[in-house]
Amino acid sequence: MKKTLMTVILCGLTLIAKAQNTSVEKSTFGLQTGVLGIWAYNEVKLSNNVALRTELGFDFGIWETTFYDDYDSPFLLTPVIVVEPRFYYNLKKRSENSKPIDGNSGNFIALKMGYHPDWFVLFNTDNAPVVSDFSIIPTWGIRRNLSKHFNYEAGLGAGFSYTFAKRAGYLKNKSEIELNMHLRIGYRF
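(A) Fine view of the overall build of the protein. Per the secondary structure count, the protein includes two helices and eight strands. When its helices and strands are written in sequence order, the protein yields α-β-β-β-β-α-β-β-β-β. Counting the 189 residues in the protein, one finds 38% classified as buried. Intrachain contacts of the protein at a sequence separation of at least 6 include 59% that bridge at least 24 residues. Counting every atom, the protein has about 11300 Å² of accessible surface; 66% of that belongs to carbon and sulfur.

(B) Highlighting the pattern of salt bridges. Counted by the stated rule, this structure contains 13 salt bridges. In the salt-bridge network here, residues are joined through shared partners; they are Glu 43, Arg 53, Glu 55, Glu 84, Arg 86, Arg 143, Glu 153 and Arg 184.

(C) Representation of unusual backbone geometry. Even without being glycine, Ser 98 reaches a positive phi, approximately 60 degrees. Tracing the backbone shows Ser 98 in the loop between helix 2 (91–96) and strand 5 (106–116). Of the residues examined, Ser 98 reaches a relative accessible area of 66% and is grouped as exposed. One non-glycine residue, Asn 104, adopts positive backbone phi at about 60 degrees. Relative to the helices and strands, Asn 104 is located in the loop between helix 2 and strand 5. Look at Asn 104 and you get buried, because its relative accessible area is 0%.

(D) Layout of a nonpolar patch on the surface. Together, Leu 146, Phe 150, Tyr 152, Leu 183 and Ile 185 line one region of the surface with nonpolar side chains, adding up to about 490 Å² of accessible area. Looking at the nonpolar patch, the elements that each hand over two or more residues are strand 7 (150–163) and strand 8 (174–188). Examined against the element boundaries, Tyr 152 turns out to sit in strand 7. Take Tyr 152: its relative accessible area is 31%, and that puts it in the partly exposed class.

Cut-offs used in this document
- Residues numbered from 1 in each chain as written.
- Predicted model: local features only at pLDDT ≥ 70, side-chain atom pairs only at ≥ 80, totals over all residues.
- Heavy atoms only, no water.
- Helix = DSSP H or I, 4+ residues; strand = E, 2+ residues; numbered from the N terminus.
- Buried < 20%, exposed > 50% of the residue type's maximum accessible area, 1.4 Å probe, protein only.
- Contact = heavy atoms within 4.5 Å.
- Areas by Shrake-Rupley, 256 points an atom, 1.4 Å probe, with all protein chains shown as cover.
- Salt bridge = Lys/Arg side-chain N within 4 Å of Asp/Glu carboxyl O.
- Patch = residues over 30% accessible without salt bridge, like charges linked within 9 Å, V, L, I, M, F, W, Y side chains within 5 Å.

As structure tokens, this is what we get:
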């Protein structure tokens, strides 16, 4: 009877200990790059499954919109500020299957809120006016580790963007549907 009771207690403690480890990291910081830019990010734990990601970086764009039709150099590099709450929904399942969850390696649903300020633009050889915008895009994505420090991330979403064109001298502001498709490779410190 004592052996059975001891076995049940040890199994219960093992399950409790494992359940306590299934959580996003308290804080993680890194750099990511992709085809369309470079970004520094920080994710801070809000709850066991929710992290708040903040991001500063540069988005590279090939602009073919009405705002840049009159300019010869459509390649622009603009600063971007992103605040993005992320819900990592499969950390417990990954942990139970002995898959790594360090560095918030898992699937997530996010609400990406990005702002391109009108501070400056790199590669703006024609002195095109800087047109700032704000976007809110629900996104589904994954992050996986390639090694202890390297990872990759992919995401897909569709949402709303609002362009502050009047600030840059255009007649009216513009709102439209915006897609978020990203594929990034990163280094976590």
